[in-house]
Structures are given as structure tokens and as C-alpha cells.
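# Descriptive structure summary
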Amino acid sequence: MSAIKRALLSVTDKSGLVGFAQGLAALGVELISTGGTAKLLREGGLKVHDVAEVTGFPEMLDGRVKTIHPRIAAGVLAIRENPAHMQALAAHAIPTIDLLVVNLYDFAAAAAKPGATIEELIENIDIGGPTMIRAAAKNHQDVAIVTDPEDYDALLEEMNANGGALGLKTKWDLARKAYALTARYDAAITTRLAQIEVEDGRYKDQPAGLPKTLSIQVPGRQVLRYGENPHQQAALYAAGAEGVANGEQLHGKELSYNNLVDLDAAWQLINEFSEPAAAIIKHTNPCGCAQHDVLAEAYRRALAADPVSAFGGVLAFNRELDEETAHEVSKLFVEAIAAPGFSYKALSILMAKKNLRLVKVRGGASEEPVVKSISGGYLVQSADAATLNRAEAKIVTQRGPSVEEWKSLEFAWKVAKHVKSNAIVYAKDGQLIAAGAGQMSRVDSVKVGAMKAVLPLAGSVVASDAFFPFPDGLEAAAANGATAFIQPGGSVKDADVIAAADALGVAMVFTGIRHFRH
């Protein structure tokens, strides 16, 4: 291994850079830099050579041209064990560059900025950075390419232990990381620019549509023990800081594939509510859900709906988990809990269960497009972010819902959105009473929900994720005690269903919104 003698540093993210550069200088590494990076290093008391000193050419075109030059490219790309390469460098007095520290203009931030112009987007496309990164990664056996400030400390530690050198494995790992970075960067550019068209000589932004080309570049976060079943391989990939995939596990066994799927289902459901709420999920379906001013009471009400199915389930809360709620939860065996936080006393109670997985999750429900693989390709759809607007809903029966029925209908509609189709939800007073999930006929979902009920159905309301194709489903639910219904409408038999509702004296609301979930 050869000691690193010369490094070029040119970064957008300057966190930790001065300390890293000081460590390099202490090892006798010569520093070359550009613009703002060079200024920062000099302010840190470091001796730095400007890139212009190496190229013999000034930065130009408002900084567009800094490092794109044969004297930089050759110093990076020359294979040290190739005599012809080294003779060419010597003939032109080009110094080798052994370490490159580069990260890129933050295009994603520019793309996310409301009202960003095409000019702003274009100026935030880095050219020199990816060029240098790929050049160094290509010649990784001779050049270390550093793109992540998180690597600085480990690299200095290795260099100090090896006389200023880095091993081939380290350089290979850095190169792979660099290629992944440029792939994600190009994918972000491709996705955003695909939303811009030129019409009548003008750029027209159309950011609301789905991408013309699907590009998914997300780093691996964790290799999982197995997938849905032990014979299946699985891994978690995640980017950013929000959502279940980026949750902070505070305690318990390693999260499984099924844990993560259920935690996400629970998190998506619980974020439907602004009041304190609790959700209990089993195989992605809610077997309990309730809202209440007191979080512990919300949990007790959620559990009351189906305490048998709740055993071994996954819980989610939309408030910090407090001591009282933790005491209640500790009485039941559950696999995992997601919440925006856990009080100290709640943690002390729940951590007594050594296997219970506790996950702190940031952010609300995801509005990212939903991707599903099918044989030969992928399906992509926008997230189901539709919410009920009472003013836009249509009362179609002679009797309208009472004030209390309206509240229960709104609650039931939020829950039904997260039940597998065909979905029927019985609810009352901010509490899930029972759910019929995943049946092939809607009337069977009505019957399954009633069969599962351990709480009284009398006076409950019913939400249906799609229209009732015939009156039979509504009639069966009314016979079970339901007094009001909410559904999308749109069946060719709507008139028959409405007539049945009127004959039974129940209220019914059409939303015009369907919530299929497969």
C-alpha cells in the first residue's frame, strides 16, 4: 500500500471537513482545493493550493469550469502500475492525486423548492463533481474517493494505523459508495426534468404527474433475517429520516420483514387522526382502533374491539407513549410498537419485556408514490391521500345522519381506508367495533364483521370502502343494528340500495371516493 501524498477537496457539504483536512495535513498530505472549500480550509489554518495552480488555468464561467481539465483528470485516472501512464504524467509535469473528497450540489433540495425555475434546477446540476467522482472510482485501486462526511473519522484512523495508506478493500467500498451516489443523483435529475416539457418555446412545469421513467436508487439499510417466510430473502432499503423505514429502534429483537410491513400499516392508519389515537394491526388489517382525549383510554377502547386478534399484534400511537398507556400495553403480548416518542417512565415499563420492539418514528403518513412489482414490470400509483369533506358528501336517504352518527361515520371512513378490500367497518363514538376484511363478496365482509364483533353492534355505523352492489349487504348490517352508512356510491343498483335504506329508516351518505386496498 502506498501512502496518500496529495488530496483534492471540493465539497458542497462542508460538515467535518476542516477536521478531516487537518488530519490529512498532519500525515503530510498536500491539499488542493477550489473556491469556497479552499477558503474554509485556509480559515482553519491549513495550507492549501488552488486548483488553478495545478491546471494553470483560472476558474471561469461563474464557477462552471473548475476541475474539468486534463491536468486534474490525468492525475486521477493514471494507473500507477502502468509505465506508459506514468511517463505521460512526467512528460507533462502532472502530479498524481491520491485522494478525492467530493460531494455534490444539492439538486434534490433545489428540486423540492416550490416555484424553482428551470434556470435554478439547471444551475444545481453538478458537472465537475460527478466527473471527478466517477474518474476516481474507476481508478479506485490507486485513488480513494470520499463522498460521505460520515467516513472521515474511520479513514483517518486507518491512515494513521497504516503510515498514511488505505487498503484495497476500503478503496473498493468507497468506490461502490461513490457509484451509488452518482446513480441516485442522476436518477433525481432524470425524475425531476421528466416533469418539464417545452411548449411554444417555453418550459412548462408539470410536477404533479408520475415519472415517465421509474428510477429507484435507495441505499440498503438492513439485511433482514428472512422475508414473509423463512425460505425468502429480505432486506430493508431506506432514504431520508422519516417514516417506519427510518425509525429508531429503541429496544427489542431485530425487526422482521413482517414487523415492518405491519408497523407501516399501523403508522399509515394512526396518522389519519388529529386527536390522540391508538391502532392495533394484525397482518396489515386493523383489529382495533380508537381515538380519545386520553391516550390510555384510546388504547383500551382499541383493544376492546378484538382482544383475541390483538395478541401478537403491532401497535401504533400518534402521541408520545406515556406511563399509563405503557402499563396497559404491558398486560398484552405484542410484537412491536411505533410512536413519535416514549416517555422515560413508559420506556422503563416496556423495556422489561426484552423482546418487545419499540420504534420511534418521525413524520406523518407517506405521500410518496406507491410501487408494486408484478411479473415483467412495476405498477406505480399516487398515494391514497383522499380525505372526507363533509360538505362535499351527499346524503342520499330521506333521513340524514345525526350529529353523533356523522362523527362516527367520519371515524369509520378513515379506518375503512386501511382495511383490505372488500372492507366493512362497524364503528361508534370514535371506536372500531368490528371489521370484515378481505372477503370476495361485500355481503360476506358484512357478515364476517358481525361474526367477529365482541362489542354491541346496536347503534353502530358502517363504512364500506366501495359501493354496495346490491341491497343485501346494507340489509344484513342494518339487521345487526347499524343505523347509518357511508360508501362511495356508483353502483348500477344505487337506487335499489337507497330504497332499502329508506325502507329500514337508516341514513346513508355517498362520498364519491373509493378506498380499495389490495
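The preceding data block contains the structure.
In this report, the structure presented in the accompanying data block is examined. (Residues numbered from 1 in each chain as written. Predicted model: local features only at pLDDT ≥ 70, side-chain atom pairs only at ≥ 80, totals over all residues. Heavy atoms only, no water.)

## Quick notes on the overall build of the protein chain
Check the secondary structure of the protein chain and you find 19 helices and 23 strands. Since a compact globule built from 518 residues should have a radius of gyration of about 24 Å, the 30 Å found for the protein chain marks it as more spread out than a globular shape. With the C-alpha coordinates of the protein chain rotated into their principal frame, the extents come out at 95 × 65 × 45 Å. Considering the protein chain as a whole, with its 518 residues, one finds that 46% of them fall into the buried category. Sequence-distant contacts, at least 24 apart, represent 54% of the contacts inside the protein chain between residues at least 6 apart. With the model as given, the accessible surface of the protein chain reaches about 25,400 Å², and the carbon-plus-sulfur share is 53%. Taken together, the 51 basic and 59 acidic charged side chains of the protein chain have centroids lying 3 Å from each other. (Helix = DSSP H or I, 4+ residues; strand = E, 2+ residues; numbered from the N terminus. Rg over C-alpha atoms; globule rule 2.2 N^0.38 Å. Buried < 20%, exposed > 50% of the residue type's maximum accessible area, 1.4 Å probe, protein only. Contact = heavy atoms within 4.5 Å. Areas by Shrake-Rupley, 256 points an atom, 1.4 Å probe, with all protein chains shown as cover. Lys, Arg positive; Asp, Glu negative; His and termini not counted. Charge placed at Lys NZ, Arg CZ, Asp CG, Glu CD.)

## Considerations on the pattern of salt bridges
For the coordinates displayed, the defined rule picks out 21 salt bridges. Close ionic contact of Arg-300 with Glu-297 constitutes a salt bridge, the shortest N to O distance being 3.0 Å. Here Arg-300 and its partner Glu-297 are both found in helix 12 (residues 295-305), three residues apart, which amounts to about one turn of the helix. The partly exposed category is assigned to Arg-300, whose relative accessible area is 28%. A salt bridge links Lys-407 to Glu-404, with the nearest nitrogen and oxygen atoms 3.9 Å apart. (Salt bridge = Lys/Arg side-chain N within 4 Å of Asp/Glu carboxyl O.)

## Remarks on a nonpolar patch on the surface
On the surface, a cluster of nonpolar side chains totalling about 580 Å² of accessible area is made up of Leu-214, Ile-216, Val-218, Tyr-237, Val-371 and Tyr-378. Mapped onto the fold, Leu-214 is located in the loop between strand 7 (202-205) and strand 8 (220-224). With relative accessibility at 37%, the residue Leu-214 sits in the partly exposed group. (Patch = residues over 30% accessible without salt bridge, like charges linked within 9 Å, V, L, I, M, F, W, Y side chains within 5 Å.)

## Observations concerning unusual backbone geometry
Here the bond from Ser-421 into Asn-422 is cis, since omega is -10 degrees, no more than 30 degrees from zero. Examined against the element boundaries, Asn-422 turns out to sit in the loop between helix 16 (403-416) and strand 19 (424-428). Despite not being glycine, Ala-93 has its phi angle at roughly 55 degrees, a positive value. Looking at the secondary structure, you find Ala-93 in the loop between helix 5 (83-91) and strand 4 (99-102).

## Topic: the side chain of Asp-151
Of note, Asp-151 is situated in the loop between strand 5 (144-146) and helix 9 (152-161). Asp-151 has contacts with Leu-174 and Lys-177, leaving out every residue within four places of it along the chain.

Purely spatial values, then, with no claim about function.
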